[in-house]
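Coordinate analysis (summary)
One-letter residues, chain by chain:
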Amino acid sequence: MDWIRLTKSGKDLTGLKGRLIEVTEEELKKHNRKDDCWICIRGFVYNVSPYMEYHPGGEDELMRAAGSDGTDLFDQVHRWVNYESMLKECLVGRMAVKPTVLKGKCWHL
């Protein structure tokens, strides 16, 4: 319940003053510390630093995915959890789409 109270407090949990950004892999990798921890789940990036003390599995579990795509780890442990609702106030943005060159043509995946 304390987490729900915090998410409804109006406090900026993203660290970005409410603006959404496009996050590159390079940027995501920079946010790999307990006090600055971003995790990507299914292409959406969340600042989970404010959630650290509330996570039932503890900080160490969240830190396993710090600065990276934690989708597989998340699915292994608790695929059933509605993270979109629980972390919506922590949403930083979406992962940037990297263009890929195939046979001289540029495609966006």
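One can find the structure itself at the top, above this paragraph.
Figured I'd write up the structure that's included with this text. Because the structure is predicted, anything quoted here is derived from the model rather than measured. (Residues numbered from 1 in each chain as written. Predicted model: local features only at pLDDT ≥ 70, side-chain atom pairs only at ≥ 80, totals over all residues. Heavy atoms only, no water.)

Turning our eyes to something else, we now look at the pairing of strand β4 (residues 44-47). Here four bridges tie strand β3 (residues 36-41) to β4, and the two strands are oriented antiparallel to one another. Residue pairing in the sheet places cysteine 40 in a bridge with valine 45 of β4. Linking β3 back to β4 in an antiparallel pair, the connection comprises two residues, with arginine 42 at a positive phi of about 55°. Across three bridges, β4 lies against strand β6 (residues 91-95) in antiparallel orientation. The residue bridging tyrosine 46 from the neighbouring strand is leucine 91, located in β6. (Pairing = 2+ DSSP bridges. Helix = DSSP H or I, 4+ residues; strand = E, 2+ residues; numbered from the N terminus.)

Bringing the nonpolar core into the picture now. Grouped together as the largest cluster of nonpolar side chains are 20 residues, with contacts concentrated most on Trp3, Ile39, Tyr46, Val48 and Leu87. Secondary structure elements with two or more residues in this core: α1 (2-7), β3 and α4 (71-78). Looking at this core, the element that brings in the most residues is β3, giving three residues. Judged by nonpolar contacts, the second largest core, of eight residues, contains Cys40, Val45, Val92 and Met95. (Core = buried A, V, L, I, M, F, W, Y, C linked by side-chain atoms within 4.5 Å. Buried < 20%, exposed > 50% of the residue type's maximum accessible area, 1.4 Å probe, protein only.)

Bear in mind that shape data such as this cannot, by itself, settle questions of function.
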